[in-house]
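# Remarks on the overall topology
Listed here are the chains, written in short residue letters.
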Amino acid sequence: MARPVVKKEFSLSDRVYLIEIIKGLGLTWKHFLFNFRACFRPGPHTVPTCWQYPEDLREIAPIFRGAHMLLLDEKGREKCVGCGMCARACPAKCITVKRGKVQEGEEGKYAGKTYCAEFKIDMLRCIFCGFCEEACPKGAIVLGQEYELAEYTPEKCLYDKARLLANYEKAKSEGKLKPARKPVPVEAPPPKAAPKSKPKAAAKKVKEKEGTKQA
Amino acid sequence: MEGWGIIIIKIVFIWTWTLLIATLMTWIERRGAGLIQDRLGPNRAGPFGIFQPLADGIKLFTKEDIVPEKAHKILFALGPILFALPAFSAYAVVPFGDKIVLGGKEIILQVADVSVGFLYIVAIGSMSVYGIVLGGWGSNNKYSILGGLRSTAQLISYEVPWGLALLAAVLLYGTFSLRDMAFAQQGVFLGFLPNWGIFKQPLGFILFMVAAYAEANRVPFDLPEAESEIVAGYHTEYGSMRLGLYLFGEYVNIYTLSALIVTLYFGAWNLPYVDMSKFLGPVAYGLASFLVFFLKVAFFLWLFVWVRWTVPRFRYDQVMGLGWKSLIPLALINLFITALFVQFTA
Ligand code: SF4
Ligand code: SF4
């Protein structure tokens, strides 16, 4: 329904405009005064809408998708088995994984039977979608809260395994590890009699028929 | 008549002072804009960002000076100069205080007390449009030329109510000299109001204010450089210090206009009900008059910034309509009433 255009009749004080300007000046003055006072308050984050970046960092949600890390399990073993699922899931194709077999005597280091001999993420291409994290069967790769990722050379943005493990150590020491993911409740599949794709009216008819039969 | 030395000292003083104010205004405008819009504005260079204009100056000076290939080289170079020069020279006849008595010599705080100071201001004020038009024309850019044309039409339209409002003030004070106008505003009016121009010429003051905003190309009359319509108007093609001159000239213009408003309508250096010269020494009085004058001017400088971030820009036809259909008739009525008033009270 289109609404009819109602032309507002302006009163004389509206048309003179000066009164309206003075009202507007009052409004902007309120904002100015509020923020002006806020500037002199001690503390880094005084003006509510402004974060003064280097001193005044925003709070990051625990499930934020920042720099990646490779997790260790509770025994201090690398969780990653080098299956390459993350590399396949990655839409930006920026993960390179090479699998290696765990030799005898190395079981204390790796959780699985295989491990990743090489693990590289090209952070210049990564779009921080978090698909790698979702795809990993072992929960070995996780996106952390670190977001200050600028470097002076492109080579430094190519994260290797050592760096990814170091990210984990850092996050652990700062207490910024991601909380465990809640299991997603799986719904029971709908009965086959009324497929979802059918229009509602048709579905109703089917139900009615069934109802009559039962009666 | 004062010696040459004193005159040169005064010129140098007012020149540096105006430059300082214009420089500070660039910073105040941006911080004011920020605070009004719930932001912070430039606050990194120095305490509260006060050295930001310095950093900007260094940047403007060291930037590459680009002249468009098809531009008219001479006009392109002349534009900013023609814009900034009148802006600076207009202040010559506007007072910045009463007088200082130093070693028995009386020094008036004004570069030149010209008896036709008023005419000088009007003449110089309309000069600055040449800078804009020539700059816009010489750039060989459609946005620039549009900005230049708009500015011409706007300045011609608003020069009329501006001049008529000034004329009413001249009728009232009976003098062309801005210094004498300041003297005419001492004492009280009707027994209780300060004897200021605004109480005798309220309509004239409003007209003059509105026209002054248009003269200075400030919001809500910033059509020559309307960013959302014609990129940057007449200075689209300008960069480095040439652009700096344009921006600077604008602030110098604002300073001169504010000083003019204070001189004409706000009692110049006179405080209401108090005669400072009675109880202050000659030097202290000179400084106090300068300070009082400057504080009044500072309010109007801030008003320019404040209005800029409050009022949206007018449409072009609205600007012309306001100028020709409202301001000029009102200015004529104002002039008529003032003439009657002067005739019957004299
Ligand atoms: S976050 Fe997305 S783009 Fe980045 S590595 Fe993981 S899957 Fe690839
Ligand atoms: S991080 Fe996960 S998905 Fe990627 S290789 Fe290791 S175990 Fe496989």
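Residues numbered from 1 in each chain as written. Chains lettered and ligands numbered in written order. Predicted model: local features only at pLDDT ≥ 70, side-chain atom pairs only at ≥ 80, totals over all residues. Heavy atoms only, no water.

## Structural notes on the domain arrangement of chain A
- Domain annotation for chain A reports domain 1 (13-48) and domain 2 (68-174).
- One C-alpha centre belongs to domain 1 of chain A, the other to domain 2 of chain A, and the line joining them spans 50 Å. (Domains from an automatic or database assignment.)

## Some details on the interface of chain A and chain B
- Each side of the interface is counted separately: chain A has 18 residues, and chain B has 19 residues.
- Interface area, chain A with chain B, both sides summed: about 1,700 Å², of which 71% is carbon and sulfur.
- Seen at the junction of chain A and chain B, the total is zero salt bridges.
- At the junction of chain A with chain B, the criterion picks out six residue pairs in polar contact (both at pLDDT 80 or more).
- Split into classes, the residues belonging to the side of chain A that touches chain B amount to eleven nonpolar, six polar and one charged. (Contact = heavy atoms within 4.5 Å. Buried area = accessible area lost by both parts, 1.4 Å probe. Salt bridge = Lys/Arg side-chain N within 4 Å of Asp/Glu carboxyl O. Polar contact = N/O pair within 3.5 Å; in protein donor to acceptor, adjacent residues only side chain to side chain. Nonpolar A, V, L, I, M, F, W, Y, C, P; charged D, E, K, R; others polar.)

## Some remarks on unusual backbone geometry
All names here are of chain B.
- Even without glycine at this site, Asp38 takes up a positive phi of about 60 degrees.
- Mapped onto the secondary structure, Asp38 falls in the loop between helix 1 (4-36) and helix 2 (52-62).
- One non-glycine residue, Asn217, lies in the positive phi region at around 60 degrees. (Helix = DSSP H or I, 4+ residues; strand = E, 2+ residues; numbered from the N terminus.)

## Some points on the sheet that holds strand 2 (residues 95-101) of chain A
All names here are of chain A.
- Spatial strand order, 2-3-5: three strands in an open sheet with antiparallel pairing. Edge strands, defined here as strands with exactly one partner in the open sheet, are strand 2 and strand 5 (158-159).
- The pairing of strand 3 (residues 114-122) with strand 5 spans two bridges and is classified as antiparallel. When the sheet's bridge partners are listed, Ile121 is paired in strand 5 with Tyr159.
- In the packing of helix 5 (residues 161-173) onto the sheet, the strands contacted are strand 3 and strand 5, and the crossing angle to strand 3 comes to about 90 degrees. (Pairing = 2+ DSSP bridges. Axes fitted to C-alpha atoms, helices over the stretch in contact; angles between N-to-C directions.)

## Quick look at helix 5 of chain A
Residues and elements named next belong to chain A.
- The first and last C-alpha atoms of helix 5 sit 19 Å apart over 13 residues, in line with the 18 Å expected at 1.5 Å per residue.
- By the burial criterion, the buried members of helix 5 are Lys161, Leu164, Leu165, Asn167, Tyr168 and Ala171. For helix 5, the angular spread of buried residues about the axis comes to 145 degrees, placing them on one side. Exposed side chains of helix 5 directed beyond 90 degrees from the buried face belong to Ala162 and Ser173.
- Taken together, the buried residues of helix 5 touch strand 1 (68-70), strand 3 and strand 5. (Expected span 1.5 Å × (residues − 1). Buried < 20%, exposed > 50% of the residue type's maximum accessible area, 1.4 Å probe, protein only. Arc of directions from axis to C-beta.)

## Let's talk about helix 5 (residues 142-173) of chain B
Residue and element names in this part refer to chain B.
- A rise of 1.5 Å per residue sets the reference length of helix 5, with its 32 residues, at 46 Å; its end C-alpha atoms lie 46 Å apart and thus fit the reference within 8%.
- The sharpest bend along helix 5 measures roughly 25 degrees and falls at Glu159, with the proline Pro161 sitting one to four residues further on.
- Capping the start of helix 5 is the job of one residue whose side-chain oxygen sits 2.7 Å from the backbone nitrogen of Tyr143: Asn141. (Bend = angle between axes of the 7 residues up to and from the residue.)

## Quick word on the environment of Ala232(B)
All names here are of chain B.
- Tracing the chain through its elements places Ala232 in the loop between helix 9 (227-230) and helix 10 (240-265).
- For Ala232, a relative accessible area of 17% corresponds to the buried category.
- Along the chain, Ala232 and Tyr143 lie 89 residues apart, while their C-alpha atoms are 7.5 Å from each other.

## Thoughts on the packing of helix 10 of chain B against helix 12 (residues 282-308) of chain B
Residues and elements named next belong to chain B.
- Contact geometry of helix 10 with helix 12 gives a least axis separation of 9 Å together with a crossing angle of 125 degrees. On the basis of the axis angle, helix 10 is oblique to helix 12. The chirality of how helix 10 crosses helix 12 is right-handed. On helix 12, the residues that touch Ile254, Tyr255, Leu257, Ser258, Ala259, Ile261, Val262 and Thr263 of helix 10 are Phe293, Phe294, Lys296, Val297, Phe300, Leu301 and Phe304.
- Here the contact of helix 10 with helix 12 is composed, by residue class, of twelve nonpolar, two polar and one charged. (Parallel < 35°, antiparallel > 145°, perpendicular 65-115°, else oblique. Left-handed = near helix turned anticlockwise from the far one by under 90°.)

## Regarding the packing of aromatic side chains
- By the definition in use, this model includes 30 aromatic pairs over all chains.
- Aromatic pair Phe205(B) and Phe300(B): ring centres 6.5 Å apart, planes at 75 degrees, arrangement edge-to-face. Within this pair, whereas Phe205(B) is found in helix 8 (residues 202-215), its partner Phe300(B) is found in helix 12, the two being separated by 95 residues in sequence. The same class applies to Phe205(B) and to Phe300(B), which are both buried.
- The aromatic ring of Tyr159(A) is capped on one face by Arg163(A), whose charged end is 4.0 Å from the ring centroid. (Phe/Tyr/Trp six-rings, centres within 6.5 Å; stacked < 30°, edge-to-face > 60°. Lys NZ or Arg CZ within 6 Å of the ring centre and 35° of its normal.)

## Let's talk about the packing of helix 5 of chain B against helix 8 of chain B
Residues and elements named next belong to chain B.
- Contact geometry for helix 5 and helix 8: axes closest at 9 Å, N-to-C directions at 150 degrees. By the angle between their directions, the pair helix 5 and helix 8 is classed as roughly antiparallel. Seen from above, helix 5 lies across helix 8 with left-handed handedness. Touching Gln154, Leu155, Tyr158, Glu159, Trp162, Ala165 and Leu166 of helix 5 are Gly204, Leu207, Phe208, Val210, Ala211, Ala212, Ala214 and Glu215, all from helix 8.
- When the residues that make up the contact of helix 5 with helix 8 are grouped by side-chain class, the tally is eleven nonpolar, two polar and two charged.

## Regarding the pattern of salt bridges
Residue and element names in this part refer to chain B.
- Considering all chains together, one arrives at 15 salt bridges over all chains under this definition.
- As a salt-bridge pair, Glu29 and Arg308 come within 3.1 Å of each other at their nearest N and O atoms. With Glu29 in helix 1 and Arg308 in helix 12, this pair connects stretches of sequence that are 279 residues apart.
- The exposure class of Glu29 is buried, given its relative accessible area of 2%.
- One salt bridge in this structure joins Asp317 and Arg315, with 2.9 Å as the shortest N-O distance.
- Linked by salt bridges that have partners in common, Glu29, Arg218, Glu250 and Arg308 make up one network.

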